[in-house]
Amino acid sequence: MANDPMLEMYVVESVQLTERLEEILIEGEQLGGFNTEHINEIFRIMHTIKGSAAMMEYTQISTLAHSLEDMFFYIREHEDAAPDWAEIADICLNACDFFKGEIAKISSKLPSDGDMSALLDRCKICLDALSGKSAAPAPKQTARPASEPVEPAPSSAAGKKYSARVFFEEGCKMENIRAYQIVNSLTELTSAIETYPPDLLEDCSDDIIANGVTITIWSEAPQDKLRAVIGEALFVKSFEIAPSEAEAPAAPPETEQLNSEEPAPKAAEKKKKPKKDESAGKSEAEAASVPAPPPEAPAAVKPVPAQAAPPAEIKQNFINVNVEKLDKLMDLMGEIVISVSMVIGNPDLAGLKLDNFEKAASQLIKNTGELQEVIMSVRMIPISSTFHKMNRIVRDTSKKLSKDVELVILGEETEVDKTIIDNLSDPLMHIIRNSLDHGLEDSREDRLAAGKHPVGRIVLEARNSGSDVIITCADDGRGLDRDKILAKATRNGLLTRPESEYADKEIYQFIMLPGFSTNEQVTELSGRGVGMDVVKKNIEKVGGSVLLDSVPGQGMTVTIRIPLTLAILASIEIKVGKNLYLIPTLNIRESFKPSMDDIIVDPDGNEMILFRGQCYPIVRLNRLFRVDSDVKSFEEGIIIMIEDEGRMAGIFADQLVSEQQAVVKPIPSFITERIGQIRGISGCTIMGNGNIDLIIDVKSLTQ
């Protein structure tokens, strides 16, 4: 079993390749076939997956990838082939599922032991159909397993001799293994191959970092094909390849050993003395572009001639970073923000005239703010990766339901915190399945009868709104049945006031409750009332909210509002008596000085505010938290309208203080253990003066 860093690298790269492969397959299937660019990229991905798996000794993955690669090789080499693209796409997508399942096992340190025999049979049948059982793809040599050393050159070694020198990106790690993977990929195009350093399975990374890896190749393949294989390898910074001065003899001496310290195919070459410095007398730029070979290099491994083509530069402007490190970095940044506020707001400095301190403090605030923005940006990734996964959900589900559906993706470049991205996939999957199963009409005829396009349409969109991201998923189906939902809610005893007092949006929110479903029959996709419940829980977990809206006969829209990041909470600071509280900006709709004409008191003494034609309850924080306050009259204080999941309430406070970027902290355990969870409070934060502000729990107040 590989060591942990190597295993982690393999898992990350395999996941990325599989996701990209799935995107291409869905795109090709939607277009009704694959163009040359698609075929070439699929072939390259399969080749890389196969080589990586063989290197790591994951036979199931490498065998299946090899079979798929053969299929696309035949398609690529035979322009007259008439592939069944639907069948090929289905095979490859099932293979993607197999790869993802095996990679998940590997990531969990479990054996990769999946059964791919059925997929291999389908690949063979498809390849036989392509070739008509009269032609076959060009013969391929099976790549050597990673556990075996490179074999000696066979006596039949033939073809032109090439010398290549490869350098890797700085800091990519495990350069020897990456070099071995290149050699493993080249073996299919060569009759013999040599390397320096000789044994790439030994720890020779330092040597490769300093001098690169030298690969001597005997091959009948064109140089461009060899160059393409090397250039496609991950983390290659630059490389050179050119014909060597001498070609391989028809029958090299039997005593010649690959990876030996003196391979020399010709006796005459053994007598040649290595040149002292081939770059002597050249300019610095020329010397740098053609690195001198290591002095220990065997005579048969010749340096690339000076007239060789300039090295191909492949820029890698990214590195993989463990998310736990980013989490720790963000936590430390939060502590720095608090520390800076405590230093600058130190009450001991009040009233002192400290001009130099003020200048230094101003610069510190500026630098800290920039550092915070950079650290937050490192964690931000485009939402496109999650959105494109939904293509597969739409494809598979629409086939099961026999519905024609088009998925439109907008705003995929919108960036969100990595932690939030991880919690979005399941909610979006359930929302889209719900639209496909419940929302869209059952047939093209039903849609035509309703005056709609025969192909259903789901639009998935993301956009920024201040410190939040808004994601909408809208379909053009039948919409929600308000009366049916209300009747089910009444039967289940969910109503807390007369039916006539419920707005449509409030009624729609019932379908987010656990176990609530209006489907009469339980199917594979729906009817158990768990899908939309999962949506609500996962979105709330990242501090977001979900709102449903619908127009009967026209469709339904699910709106998800989530913060850009979980680490820093955008909030408004309010004052009640001598205490300060924070309300998340995400949940504030409006604040205003109320008029007594808008205040309603029912016979039970409950206070309500008339806001935009609707009545909403008022929560007096001084009464809720038992805080002494001199502000008794509504006209002396302020009302802040808050909203969560379509429910609204008015918070009555003494005054608004300021906007704050709060570093959220949980309520200390010694408090919750003694008195339990405090109603109306979700957490706390440390302010610049060292005081603690409590964060209002909007959800509990609106309920």
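All values derive from a computational prediction rather than experimental measurement. (Residues numbered from 1 in each chain as written. Predicted model: local features only at pLDDT ≥ 70, side-chain atom pairs only at ≥ 80, totals over all residues. Heavy atoms only, no water.)

Okay, the overall build of the chain next. Secondary structure assignment for the chain yields 22 helices and 22 strands. In the chain, which comprises 703 residues, the share counted as buried stands at 47%. Of the accessible surface of the chain, which amounts to about 35500 Å², a share of 51% is contributed by carbon and sulfur atoms. (Helix = DSSP H or I, 4+ residues; strand = E, 2+ residues; numbered from the N terminus. Buried < 20%, exposed > 50% of the residue type's maximum accessible area, 1.4 Å probe, protein only. Areas by Shrake-Rupley, 256 points an atom, 1.4 Å probe, with all protein chains shown as cover.)

The volume enclosed by the second largest pocket comes to roughly 1100 Å³. Forming the boundary of the second largest pocket are 26 residues, of which R497, Y502, E506, R647 and T702 lie nearest the centre. Residue assignment for the lining of the second largest pocket shows that the elements contributing at least two residues are α18 (504–508), β17 (614–620) and β19 (647–653). Per element, the largest residue contribution to the lining of the second largest pocket is 4 residues, and it comes from β17. (1 Å grid on protein atoms, 1.4 Å probe; cavity = no way out; pocket = protein on both sides within 12 Å on 5 of 7 lines; lining within 4 Å. Points joined across faces, edges and corners; volume = space filled by probe spheres on them.)

Before going further, it helps to examine helix α5 (residues 117–131). Residues three or four positions apart in an α-helix share a direction because the helix packs 3.6 residues into each turn. Helix length check: α5, at 15 residues, gives a terminal C-alpha distance of 21 Å against a target of 21 Å (1.5 Å per residue), a fit within 8%. Contacts from the buried residues of α5 go to α3 (59–77) and α4 (85–107). Immediately beyond the C-terminal end of α5, within one or two residues, lies G132, with a positive phi of roughly 65°. (Expected span 1.5 Å × (residues − 1). Contact = heavy atoms within 4.5 Å.)

Moving on, we get to the sheet that holds β17. Backbone-to-backbone hydrogen bonds pair the strands of a sheet. The strands run either parallel or antiparallel. In spatial order, the strands read β14-β18-β19-β17-β16-β15; together these 6 strands make up an open sheet with mixed pairing. Of all the strands in the sheet, just β14 (588–592) and β15 (599–601) have a single pairing partner and so form its edges. Each strand of the sheet is rotated relative to its neighbour by a mean of 35°, with strand direction disregarded. (Pairing = 2+ DSSP bridges. Axes fitted to C-alpha atoms, helices over the stretch in contact; angles between N-to-C directions.)

Attention now moves to a nonpolar patch on the surface. Residues M342, I686 and I692 make up a contiguous nonpolar surface patch of about 260 Å² in total accessible area. By the secondary structure assignment, M342 is in helix α11 (residues 323–344). According to the relative accessible area criterion, M342 is partly exposed, its value standing at 38%. (Patch = residues over 30% accessible without salt bridge, like charges linked within 9 Å, V, L, I, M, F, W, Y side chains within 5 Å. Salt bridge = Lys/Arg side-chain N within 4 Å of Asp/Glu carboxyl O.)

Take the pattern of salt bridges next. For the structure shown, the criterion picks out 41 salt bridges. Linking R457 and E406 is a salt bridge whose minimum nitrogen-to-oxygen distance equals 3.5 Å. Here R457, found in strand β8 (residues 456–465), pairs with E406, found in strand β6 (residues 405–410); they are 51 residues apart in sequence, far enough to count as distant. Since its relative accessible area comes to 36%, R457 is described here as partly exposed. Of the charged contacts, one joins E441 and R447 as a salt bridge, the two residues approaching to 2.8 Å between their closest N and O atoms. In this structure, E441 and R447 share a single accessibility class: buried. Among the ionic contacts, a cluster of salt bridges with common partners joins E22, E29, E87, D90, D97, K100, R122, R392, R395, D396 and K399.

Here the idea is plain: a probe the size of a water molecule rolls over the atoms and shows the empty space left. This model, assessed by the stated rule, comprises 5 cavities of 30 Å³ or more. Computed from the structure, the largest cavity encloses a volume of approximately 170 Å³. Considering the residues around the largest cavity, the lining is formed by E13, H47, T48, F168, R178, Q181, I182, S185, V229, E232, A233 and L234. For the lining of the largest cavity, the elements supplying multiple residues, two or more each, are α2 (36–55) and α6 (175–186). When residues in the lining of the largest cavity are grouped by element, the largest group, 4 residues, is from α6. Grouping the constituent residues of the lining of the largest cavity by class yields 5 nonpolar, 4 polar and 3 charged. (Nonpolar A, V, L, I, M, F, W, Y, C, P; charged D, E, K, R; others polar.)

What follows is about the packing of α6 against helix α8 (residues 223–231). As a packed pair, α6 and α8 sit with axes 9 Å apart at the nearest point and diverge in direction by 145°. Between α6 and α8 lies a crossing whose hand is right-handed. Together, I182, S185 and L186 of α6 and L226, V229 and I230 of α8 make up the contact between the two elements. For the contact of α6 with α8, a count of residues per class yields 5 nonpolar, 1 polar and no charged. (Left-handed = near helix turned anticlockwise from the far one by under 90°.)

What follows covers the side chain of R447. Mapped onto the secondary structure, R447 falls in helix α16 (residues 444–449). For R447, a relative accessible area of 2% corresponds to the buried category.

Glancing now at the sheet that holds strand β1 (residues 160–168). Ordered by their spatial adjacency, 4 strands build an open sheet running β2-β3-β1-β4, and the pairing between neighbours is antiparallel. The sheet is open, and its two borders are formed by β2 (192–196) and β4 (236–243), each paired with just one other strand. Going across the sheet, the axis of each strand differs from the next one's by a mean of 20°, ignoring polarity. Two elements, β1 and β4, share 7 bridges in a ladder whose sense is antiparallel. Each bridged residue has a counterpart across the sheet, and for F168 the counterpart in β4 is V236.

Let us now look at the packing of α11 against helix α12 (residues 355–379). Each pair of packed helices can be described by the angle between their axes along with the distance between the axes. As a packed pair, α11 and α12 sit with axes 10 Å apart at the nearest point and diverge in direction by 160°. Accordingly, the angle class assigned to the pair α11 and α12 is roughly antiparallel. For the pair α11 and α12, the crossing hand works out as left-handed. Here V323, L326, D327, L329, M330, M333, I336, V337, V340, V343 and I344 of α11 come into contact with α12, specifically with F357, A361, L364, I365, T368, L371, Q372, I375, M376, V378 and R379. Residue classes in the contact of α11 with α12 are distributed as 18 nonpolar, 2 polar and 2 charged. (Parallel < 35°, antiparallel > 145°, perpendicular 65-115°, else oblique.)

Evaluated as defined, the whole model comprises 9 aromatic pairs. On the numbers, 6.2 Å between centres and 40° between planes, the contact of F43 with F73 is tilted. Of this pair, F43 sits in helix α2 while F73 is found in helix α3, placing the two residues 30 residues apart along the sequence. The two residues F43 and F73 agree in class, both being buried. For the ring pair F634 and F652, a centre distance of 4.9 Å and an interplane angle of 65° mean the geometry is edge-to-face. With F634 in the loop between α20 (621–624) and β18 (638–644) and F652 in strand β19, the pair connects residues that are 18 residues apart, well separated along the chain. You can call F634 buried: its relative accessible area is 4%. Residue class for F652 comes out buried when judged on its relative accessible area of 2%. (Phe/Tyr/Trp six-rings, centres within 6.5 Å; stacked < 30°, edge-to-face > 60°.)

Turning our attention to unusual backbone geometry. Following Y196, the chain continues into P197 via a peptide bond in cis, with omega recorded as 5°. Note that P197 resides in the loop between β2 and α7 (205–211). In this structure, R612 takes a positive phi of about 50° despite not being glycine. Looking at where R612 falls in the secondary structure, it is placed in the loop between β16 (607–611) and β17.

Do not read the predicted coordinates in detail wherever pLDDT is low. Considering every residue of the chain, the mean pLDDT works out to 79; 82% of them sit at 70 or more. Scored below 50 in pLDDT, residues 134–155 shows 54 contacts in the model against residues more than four places distant or in partner chains. Considering only residues more than four positions removed or in separate chains, one finds that residues 246–314, a stretch of pLDDT under 50, has 103 contacts. (pLDDT = per-residue confidence, 0-100.)

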